[in-house]
Amino acid sequence: MQYAKIIVDVPTMQTNHPFTYQVPDAQSDLISVGMRVSVPFGNGNRLIQGFVVALVDTLETDAKLKAIDSIIELEPVLNPELLALGQWLATDNFAFQISVYQTMLPSVMRAKYTKTLQLVQPELVTDERVATLFADRFEIPFTADDIDADLLPILQRYQSAKIIQLAYQVNNRAKAKRVLAFKPLLTSAEYNELRQQLNKTATKKARLLTYLMQAKPELQPTKALLAATNITQVDVKQAGEAGWLERTEVEEYRLPKLSTPVQPTNALSLNAEQQVAYDAIAKSLSQPKDDVFLLEGITGSGKTEVYLQAIAKTLAQGQTAMMLVPEITLTPQMMRRVQSRFGSQVAMMHSGLSDGERYDEWRRVQRGEATVVVGARSAIFAPLTNVGLIIIDEEHEATYKQDENPRYHARDVALWRAKYHQATVILGSATPSLESRARAQRGVYQLLTLTHRAQQNALPTAEIVDMREALKVTGDDLFSPVLLTKLADRLQKHEQSVLMLNRRGYANFVMCRDCGNVPRCQNCDLALNLHTDTQRLECHYCGYAEPIPKQCVQCGSKRVAPYGSGTQKVEAQLAQLLPKARVIRMDVDTTRKKGATDTMLQAFGDKKADILLGTQMIAKGLDFPDVTLVGILNADTTLTLPDYRASERTFQLLTQVAGRAGRADKPGEVVIQTFNPEHYAIQLAKLQDYEAFYQQEMQLRHTWQYAPYFYTVQLKFAHETEDAAAKVAYQTAKWLQKRLAPDSVMLGPSAGAVRRLKNKYYYRIIIKYKFDENLATALEELRDASQRLIKQGVQLSIDRDPVNFI
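Residues numbered from 1 in each chain as written. Predicted model: local features only at pLDDT ≥ 70, side-chain atom pairs only at ≥ 80, totals over all residues. Heavy atoms only, no water.

### Focus: the overall build of the chain
Part 1 of the reasoning: Helix and strand content of the chain: 23 helices and 33 strands.
Part 2 of the reasoning: The globule rule puts the C-alpha radius of gyration for 806 residues at 28 Å, and the 31 Å found for the chain is close to it.
Part 3 of the reasoning: For the chain, buried positions account for 53% of its 806 residues.
Part 4 of the reasoning: For the chain, long-range pairs separated by at least 24 residues make up 74% of all intrachain contacts whose partners lie at least 6 apart in sequence.
Part 5 of the reasoning: Total accessible area on the chain is roughly 37,100 Å²; 50% of this is exposed by carbon and sulfur atoms.
Part 6 of the reasoning: For the chain, the centre of its 95 positive side-chain charges and the centre of its 89 negative side-chain charges are spaced 3 Å apart. (Helix = DSSP H or I, 4+ residues; strand = E, 2+ residues; numbered from the N terminus. Rg over C-alpha atoms; globule rule 2.2 N^0.38 Å. Buried < 20%, exposed > 50% of the residue type's maximum accessible area, 1.4 Å probe, protein only. Contact = heavy atoms within 4.5 Å. Areas by Shrake-Rupley, 256 points an atom, 1.4 Å probe, with all protein chains shown as cover. Lys, Arg positive; Asp, Glu negative; His and termini not counted. Charge placed at Lys NZ, Arg CZ, Asp CG, Glu CD.)

### Some points on the pattern of salt bridges
Part 1 of the reasoning: Inspection of the entire model under this criterion finds 47 salt bridges.
Part 2 of the reasoning: Between Lys204 and Asp235 there is a salt bridge, with the nearest N and O atoms lying 3.6 Å from each other. Residue Lys204 is located in helix 6 (residues 203-214), and its partner Asp235 is located in helix 8 (residues 233-241); the two are separated by 31 residues in the primary sequence.
Part 3 of the reasoning: Given the relative accessible area of 37%, Lys204 is considered partly exposed.
Part 4 of the reasoning: The salt bridge involving Asp360 is made with Arg363; its shortest N-O contact spans 2.7 Å. In this pair, Asp360 and Arg363 both sit in helix 12 (residues 355-366), three residues apart, roughly one turn of the helix. For the pair Asp360 and Arg363, a shared accessibility class is recorded, and that class is buried.
Part 5 of the reasoning: One salt-bridge network, in which partners are shared between bridges, spans Lys486, Asp489, Arg490, Lys493, Glu495 and Glu669. (Salt bridge = Lys/Arg side-chain N within 4 Å of Asp/Glu carboxyl O.)

### Regarding the sheet that holds strand 33 (residues 795-800)
Part 1 of the reasoning: In space, the four strands of this open sheet follow the order 31-32-30-33, with antiparallel pairing throughout. Edge positions in the open sheet fall to strand 31 (745-757) and strand 33, since each of these has one partner strand only. Neighbour-to-neighbour, the strand axes of this sheet turn through a mean angle of 20°, independent of strand direction.
Part 2 of the reasoning: In this structure, strand 30 (residues 711-719) lies alongside strand 33, joined through six bridges in antiparallel fashion. Bridge assignment links Gln714 to a residue of strand 33, and that residue is Asp799.
Part 3 of the reasoning: Of the strands in this sheet, strand 30, strand 32 (760-769) and strand 33 touch helix 23 (residues 775-791), which is tilted by about 155° from strand 33. (Pairing = 2+ DSSP bridges. Axes fitted to C-alpha atoms, helices over the stretch in contact; angles between N-to-C directions.)

### Here we look at the packing of helix 9 (residues 272-285) against helix 10 (residues 303-316)
In a pair of packed helices, the angle between the axes and the distance between the axes together describe the arrangement.
Part 1 of the reasoning: Interhelical geometry of helix 9 versus helix 10 gives an angle of 30° and a closest axis separation of 10 Å. Relative to helix 10, the element helix 9 is oriented roughly parallel. Crossing of helix 9 over helix 10 shows right-handed handedness. In contact with Gln274, Tyr278, Ile281, Ala282 and Leu285 of helix 9, helix 10 contributes Glu305, Val306, Gln309, Ala310, Lys313 and Thr314. (Parallel < 35°, antiparallel > 145°, perpendicular 65-115°, else oblique. Left-handed = near helix turned anticlockwise from the far one by under 90°.)

### Examining helix 11 (residues 330-342)
Part 1 of the reasoning: Between its first and last C-alpha atoms helix 11 spans 18 Å; for 13 residues at 1.5 Å apiece the expected length is 18 Å, and the two agree.
Part 2 of the reasoning: Among the 13 residues in helix 11, eleven count as buried, and that is most of the element.
Part 3 of the reasoning: Listed in full, the buried residues belonging to helix 11 are Leu330, Thr331, Pro332, Gln333, Met334, Met335, Arg336, Val338, Ser340, Arg341 and Phe342.
Part 4 of the reasoning: Where helix 11 is buried, its residues touch helix 10, strand 13 (320-324), strand 14 (346-349), strand 15 (372-375), strand 16 (387-393) and helix 18 (596-605).
Part 5 of the reasoning: In the segment just after helix 11, Gly343 is the residue with positive phi, at about 55°. (Expected span 1.5 Å × (residues − 1).)

### Some points on the side chain of Ser497
Part 1 of the reasoning: Looking at the element boundaries, Ser497 is found in strand 20 (residues 496-500).
Part 2 of the reasoning: Here Ser497 falls in the buried class, since its relative accessible area comes to 2%.

### Focus on the nonpolar core
Part 1 of the reasoning: By size, the foremost hydrophobic cluster in this structure holds 70 residues, and its most contacted members are Ile311, Val338, Leu612 and Ile632.
Part 2 of the reasoning: It is helix 10 that contributes the most residues to this core, six residues altogether.
Part 3 of the reasoning: Residues in contact with Ile311, not counting those within four places in the same chain, are Ala321, Met323, Phe342, Val372, Leu389 and Ile391. (Core = buried A, V, L, I, M, F, W, Y, C linked by side-chain atoms within 4.5 Å.)

### Here's the deal with the environment of Pro383
Part 1 of the reasoning: Its location among the elements puts Pro383 in the loop between strand 15 and strand 16.
Part 2 of the reasoning: Classification of Pro383 by relative accessible area gives buried; the value is 5%.
Part 3 of the reasoning: Residues Pro383 and Arg363, spaced 20 residues apart in sequence, show a C-alpha to C-alpha distance of 8.7 Å.
Part 4 of the reasoning: Those residues in contact with Pro383 that sit more than four places away from it in its chain are Asn79, Leu82, Trp362, Val365 and Gln366.

### Here we look at helix 1 (residues 80-92)
Part 1 of the reasoning: Between its first and last C-alpha, helix 1 extends 18 Å over 13 residues, near the 18 Å set by a 1.5 Å rise per residue.
Part 2 of the reasoning: Within the sequence span of helix 1, burial applies to Glu81, Leu82, Leu83, Leu85, Gly86, Leu89 and Ala90.
Part 3 of the reasoning: Contact partners of the buried residues in helix 1: strand 4 (47-56), helix 2 (97-104), helix 13 (410-421) and helix 23.
Part 4 of the reasoning: Sitting at the head of helix 1, Asn79 places a side-chain oxygen 3.1 Å from the backbone nitrogen of Glu81.
Part 5 of the reasoning: Downstream of helix 1 by a residue or two, Phe94 has a phi angle that is positive, lying close to 55°. (Polar contact = N/O pair within 3.5 Å; in protein donor to acceptor, adjacent residues only side chain to side chain.)

In structure tokens, the structure reads:
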């Protein structure tokens with residue numbers, strides 16, 4: 001007898017301990033580790049999904065075990081590496097393995113359950129309506145909303161009497177796309193002979209035979225045949241019956257499409273600094289070593305070309321490679337660069353694809369048909385084998401850390417996978433995170449620097465505009481005279497500009513000028529943002545929206561006015577100030593539609609617009625030779641965040657967006673508008689002096705006892721009532737305090753920076769520590785206890801090294 005250890009999907013009873021099931025004889029030759037299976041769970045007829053993590057032949061118990069119900073796929077969906085990675089990731093991040101394994105797979109492979117009613121004793125049914133429900137079958141789909149309210153009590157009585165029973169089915173949503181295909185069965189000469197015998201009026205058959213004469217003797221999609229010959233499926237069916245061709249169905253990949261075709265490119269010549277960096281990486285690639293390189297290169301220094309040539313060497317050695325980018329926005333442009341070198345070997349993986357596209361790209365990688373993966377954070381789980389190189393571009397970005405469970409950081413996963421495969425890792429950035437730079441300084445990473453732009457052109461010159469003074473002159477808090485003059489100059493020269501304001505919508509809030517009332521979200525303790533495109537007030541956290549009020553709901557006054565500025569307001573003001581300027585606005589609101597990001601960037605690259613206006617999504621990775629001006633409309637938006645990394649984030653964002661200017665043969669300029677012109681992060685971003693910023697910020701972190709000198713863990717408690725969230729937070733703090741090392745520091749409990757989000761009140765505890773051998777054990781106990789807290793309505797999250805303190 002064979003037995004399977006299975007991690008099961010039970011949201012209210014998650015555990016990292018596998019359950020043991022008996023393997024039916026019929027499945028013993030089919031089942032293997034890494035498969036998805038459907039298994040019974042609990043006392044009823046409930047079927048749930050699980051992952052097979054081990055197979056054994058003997059047991060230490062005589063207990064009667066349940067048997068696996070069915071195998072969902074005929075091949076494993078998780079290879080041994082990903083199973084081991086899931087176990088490590090769950091332990092390291094105080095998560096549950098089932099959530100990690102589901103995160104690794106395309107969303108269509110996550111379990112979806114259907115409730116059904118099964119008729120067990122039909123002879124005991126006396127109610128006619130129940131008999132009608134089961135008129136021609138013994139099992140029906142069950143949704144309480146679809147059943148008449150007066151029938152539900154009868155069904156409940158029948159269920160209690162075991163006349164009917166409730167069952168759960170696991171639905172497999174992962175389906176391959178099938179299309180009609182044909183294969184020529186005759187030779188070209190035979191088709192020509194048949195064509196000669198046709199009646200002159202048989203024009204459709206003549207076109208079909210002419211096409212078949214030239215077609216290759218292999219399976220090919222029928223739709224190409226229909227388009228070329230202007231015939232119908234009926235004609236193809238008749239041709240099949242006549243023995244001219246074979247008709248069948250074949251699988252067709254749903255491949256992600258870019259807005260325009262990708263043209264092949266060749267490797268560029270490297271400059272001296274690039275060559276030194278590439279040589280060091282190539283040496284590592286030639287040996288089975290898990291080296292980590294921090295490639296610190298100023299904006300425009302040619303880091304991407306080093307990446308591409310490193311990938312080429314990896315593929316030449318018969319290995320695979322992956323490249324991560326921090327934003328979906330950057331994926332199409334990077335995909336073009338990589339695909340132009342490596343063609344159909346490249347797969348794209350990110351959340352902006354359709355479910356079918358993500359599933360098919362995942363299968364291309366799993367089958368070994370794609371050997372290079374380009375994508376955002378979740379692409380780090382791509383099922384590549386024999387990995388030789390992992391690249392994380394813009395490694396400093398907070399988007400590499402997942403905010404939801406499991407709260408992993410893609411950089412940590414990359415390092416684990418590199419160690420498993422003895423692969424090389426490249427962490428690239430113009431402004432590395434302080435943690436990575438400190439590791440390089442200690443020799444944990446190897447530091448490679450690119451201090452000059454690839455085309456030997458100068459960095460853009462930057463100017464800080466004190467908006468406190470500019471506001472006194474013009475009364476305009478968006479456009480200073482300096483910036484407006486430079487924008488008009490670029491329009492006259494037919495050059496392009498980039499403007500960044502890291503806030504979408506039209507205004508931050510609206511307020512009654514008589515009583516001061518500000519409309520707030522019904523679900524969150526936040527003011528609603530004004531959006532003129534939808535004519536609504538919207539919450540950017542939960543999505544709640546309501547119409548723009550024509551008068552104050554509190555006092556009835558009509559003196560309701562917008563305050564603050566977003567990208568929509570900037571766009572409207574540009575239309576008034578520079579009516580001839582063609583503007584493309586890029587933010588979450590304009591890029592929701594699939595393919596919109598790629599279309600907009602291609603249009604800007606083709607000079608169909610003069611100004612690219614956007615939020616931080618336009619700050620990184622974009623390379624347009626005619627951009628000679630960057631305007632940062634408000635450099636202070638990230639400075640006021642309740643986060644010890646606020647200065648670092650500000651410096652990184654300003655430096656990155658400034659680097660979009662002057663990347664070709666035309667000199668660039670940057671205008672930084674701020675109400676805090678003396679702040680060191682803004683002053684050093686003007687100079688693009690990362691080394692000076694690093695030294696100053698490290699001194700402050702040492703004083704404050706934050707990363708990279710201390711590790712941090714954040715505990716969050718959420719409940720629909722504030723008292724309940726606070727009570728559990730204080731109880732946990734008291735329990736934890738006894739288990740912490742003497743030099744570990746606990747901050748809180750305290751209310752969240754935003755007290756209520758999505759109808760839940762938040763309390764948090766922050767723990768700072770250098771080494772605390774008891775902390776991990778205590779946090780594992782809390783993770784397991786979180787399942788009991790769910791029954792009380794309390795959600796507990798444990799976040800190692802958090803990047804978000806909202």
